[in-house]
Amino acid sequence: MRSTTLLSVLLILPGIALAGPGLFTTGPVIEDYGPVADVQSALPVPADAVLRHTFDVAKRAEDGTLNRTLVSAARFINMHARAGVHADRIKVAVVVHGTAVHDVAGEAPASAGLVAALVDQGVQILVCGQSAAYYDVKSDDLLPGVEMALSAMTAHALLQQQGYTLNPF
């Protein structure tokens, strides 16, 4: 009896484990990046909301992988568009510093396609000039649409003055 119950549980677990990730899809704004799940929320997002949000990224992605914070920026846009907020009302900025500058600079970093999709959507991607100088990254090295700021601290201060909130993680 006990082994039958255990076997039943083990047969059910793979279906349960695969149900979560299978709920995530990309779009409707950034089609190839930023997978999200549709969720019925107790805290509805008003359709007339204007969301100004900043993401801070300091850690470089592992070789050949997308930068997780850049993916989160795409998720933020897709998630709120699915919740009924028009894409024009979703303003996102990404402040890049530390080793993450390598994810938005150079010949062809793994995140280049994602960066292009974000820039096409109007996401402002600002690189800390101090980190860039430390890692010998010049403005000409940045991917198209990525801009150099004096520093990450300066970028955050100016974005906050414009009403942007900062992502807590």
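Draft legend 1. Representation of the confidence of the model for the protein. Looking at the protein as a whole, the pLDDT averages 88, with 88% of positions reaching at least 70. Low confidence marks residues 1-18, where pLDDT is under 50. Its contacts with residues over four positions away, or in another chain, come to zero contacts.

Draft legend 2. A look at unusual backbone geometry. Residues G27 and P28 are joined by a peptide bond in cis, for which omega reads 15°. As for its position among the elements, P28 is in the loop between helix 1 (2-22) and strand 1 (51-57). Not every positive phi belongs to a glycine, and D136 is a case in point at roughly 55°. Tracing the chain through its elements places D136 in the loop between helix 4 (129-134) and strand 4 (146-149).

Draft legend 3. Here's a closer look at the nonpolar core. In terms of nonpolar packing, the biggest core is built from 32 residues, with V92, V94, V96, L118 and I125 touching the most fellow members. When residues of this core are assigned to their parent elements, the largest contribution, seven residues, is made by helix 2 (residues 68-82). Counting residues in hydrophobic clusters, the runner-up holds nine residues, among them V95, A149, A152 and L159.

Draft legend 4. View of the packing of aromatic side chains. Here the structure, examined in full by the defined rule, presents two aromatic pairs. For the pair F55 and F76, a centre-to-centre distance of 5.8 Å together with 75° between the ring planes defines the contact as edge-to-face. Linking F55 in strand 1 with F76 in helix 2, this pair joins segments that are 21 residues apart in sequence. For the pair shown, F55 and F76 are each scored as buried. Both rings, one in Y134 and one in Y135, keep their centres 4.9 Å apart while their planes meet at 85°; by these two values the pair is edge-to-face. What makes Y135 partly exposed here is its relative accessible area of 29%.

Draft legend 5. Summary view of the pattern of salt bridges. On inspection of all chains with the given rule, the structure shows two salt bridges. Between R82 and D38 there is a salt bridge whose closest N-O contact spans 3.1 Å. You can see R82 sitting in helix 2 and its partner D38 sitting in the loop between helix 1 and strand 1, a full 44 residues away along the chain. Between D136 and K138 there is a salt bridge, with the nearest N and O atoms lying 2.7 Å from each other. On the accessibility criterion, D136 (54% relative accessible area) is exposed. By relative accessible area, K138 is classed as partly exposed at 47%.

Cut-off values and rules
- Residues numbered from 1 in each chain as written.
- Predicted model: local features only at pLDDT ≥ 70, side-chain atom pairs only at ≥ 80, totals over all residues.
- Heavy atoms only, no water.
- pLDDT = per-residue confidence, 0-100.
- Contact = heavy atoms within 4.5 Å.
- Helix = DSSP H or I, 4+ residues; strand = E, 2+ residues; numbered from the N terminus.
- Core = buried A, V, L, I, M, F, W, Y, C linked by side-chain atoms within 4.5 Å.
- Buried < 20%, exposed > 50% of the residue type's maximum accessible area, 1.4 Å probe, protein only.
- Phe/Tyr/Trp six-rings, centres within 6.5 Å; stacked < 30°, edge-to-face > 60°.
- Salt bridge = Lys/Arg side-chain N within 4 Å of Asp/Glu carboxyl O.

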